[in-house]
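Results of the structural survey
Listed below are the residues making up each chain.
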Amino acid sequence: MPWNYGRQEWWKKMLASVGSVWVHDSSPLRPYALLTNVNPDSKKRRISNAYFDGAKLAEHPKLLHRAAVDLIDQLSRSEREQVDIACGSPFGSITLAYAVAYALSEPSKRMRHNPECLAWFTEPGEGKELLLKRFGPPHGRKALVVDDAFTTGGTSERSAAALERDGAVVMPIFLYIINRPGIEELNGRRIISLVGKMPEARVWDEGENPFTSDGTELVPPVRPKYSWAELTAPYANVDTQPR
């Protein structure tokens, strides 16, 4: 199926319907999302008013499979046939990697001697380093890095580095469900996603909140992966300040 604007809008609605997409509703009682990355210039933590939870999509295997098919359909036939390994980053992208590998193994998607695409994932090492602990060595096989959401691309690049260190040839493409900033390329690698830029999503350094008068957080921000219930709980006074 050719990729188009209408399909992106359909995916926005589907992701919202399964609770994968969270956007702050302007309640002064609701925390914002504390991201994992730090601004390399200011060394401050990064905060956002929107977040994507890939685990909510993974709860729906049929929809996850549809996502994988729609992602690989944006690759050329030649690109699909080159992929030997679909590799996800820890830990939200592991199920996506398996879904992409399964979709790439369909006979209609590849015509080659070895029709199977493998599914791998990287794991945390020292600091922010990612490693291939359970798989490999890849011996020159071509790997496609997949991730649930793109903000800065740091996690995907660390997964690519892990694959290259162990001898894989990483393809110049990253696959994502959500491409938050909407950019088309990262350090020479093409970015493919189901949903492009989220105009409502904002990211800022801690202490520079654009939605409060003095830039401070009214309540401490929280890590979405560990505090999803706190982010999505019902709060009063929703309309007391602009988003």
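Report on the accompanying structure. Since the model is a prediction, treat every value here as computed from it, not as a measurement.

A word on helix H3 (residues 61-72). The first and last C-alpha atoms of H3 sit 17 Å apart over twelve residues, in line with the 16 Å expected at 1.5 Å per residue. Along H3, the residues that are buried comprise Leu63, Leu64, Ala67, Ala68, Val69, Asp70, Leu71 and Ile72. Along its buried surface, H3 packs onto helix H1 (5-17), helix H2 (54-58), helix H4 (77-82), helix H5 (94-104), strand S10 (169-179) and strand S12 (189-195).

Any aromatic ring pair is given by two values, namely how distant the centres are and how the planes are angled relative to each other. In this structure the tally under the stated criterion is nine aromatic pairs. Ring geometry for phenylalanine 150 against tyrosine 176: centres 5.1 Å apart, planes inclined by 45°, an arrangement best described as tilted. Of this pair, phenylalanine 150 sits in strand S9 (residues 142-150) while tyrosine 176 sits in strand S10; the two residues are 26 residues apart in sequence, bridging distant segments of the chain. The residues phenylalanine 150 and tyrosine 176 share a single accessibility class, namely buried. Chaining the aromatic ring pairs together yields one cluster made of Tyr32, Trp204 and Phe211. When the ring centre of tryptophan 10 is taken as reference, the NZ or CZ atom of arginine 7 above it lies at 4.2 Å.

As a further point, take the side chain of arginine 189. One can find arginine 189 in strand S12. Residue arginine 189 is classed as buried on the basis of its relative accessible area, which comes to 14%. For arginine 189, the side chain forms a polar contact with the main-chain oxygen of methionine 171, separated by 3.5 Å. Aside from chain neighbours lying at most four places away, what touches arginine 189 is Ala160, Glu164, Val170, Met171, Pro172, Ile173, Phe174 and Glu184.

Moving on, we come to the nonpolar core. Buried together is how nonpolar side chains tend to be arranged in soluble globular proteins. Among the nonpolar cores identified, the biggest contains 37 residues, and Leu15, Leu57, Val100, Leu144, Leu175 and Ile177 are the most heavily contacted of them. Breaking this core down by element, the ones donating at least two residues are H1, strand S4 (50-52), H3, H5, S9, S10 and S12. When sequence neighbours within four positions are dropped, the list of residues in contact with leucine 175 reads Leu71, Ile72, Leu75, Val100, Leu144, Val145, Val146, Asp147 and Ile192. By size, the runner-up hydrophobic cluster in this structure holds 18 residues, among which are Leu132, Val145, Leu163 and Phe174.

Looking now at H1. Over its 13 residues, H1 extends 19 Å from the first C-alpha to the last, a length consistent with the 18 Å expected when each residue adds 1.5 Å. Buried within H1 are the following residues: Arg7, Trp11 and Leu15. What you see down the axis of H1 is that its buried residues fit within an arc of 75°, all on one side. Exposed and facing more than 90 degrees away from the buried side of H1 are Tyr5, Lys13 and Ser17. On its buried face, H1 sits against strand S1 (21-23), S4, H2, H3, S10 and S12. Positive backbone phi, at 80°, marks glycine 19, one or two positions downstream of H1.

What counts as what
Residues numbered from 1 in each chain as written. Predicted model: local features only at pLDDT ≥ 70, side-chain atom pairs only at ≥ 80, totals over all residues. Heavy atoms only, no water. Helix = DSSP H or I, 4+ residues; strand = E, 2+ residues; numbered from the N terminus. Expected span 1.5 Å × (residues − 1). Buried < 20%, exposed > 50% of the residue type's maximum accessible area, 1.4 Å probe, protein only. Contact = heavy atoms within 4.5 Å. Phe/Tyr/Trp six-rings, centres within 6.5 Å; stacked < 30°, edge-to-face > 60°. Lys NZ or Arg CZ within 6 Å of the ring centre and 35° of its normal. Polar contact = N/O pair within 3.5 Å; in protein donor to acceptor, adjacent residues only side chain to side chain. Core = buried A, V, L, I, M, F, W, Y, C linked by side-chain atoms within 4.5 Å. Arc of directions from axis to C-beta.

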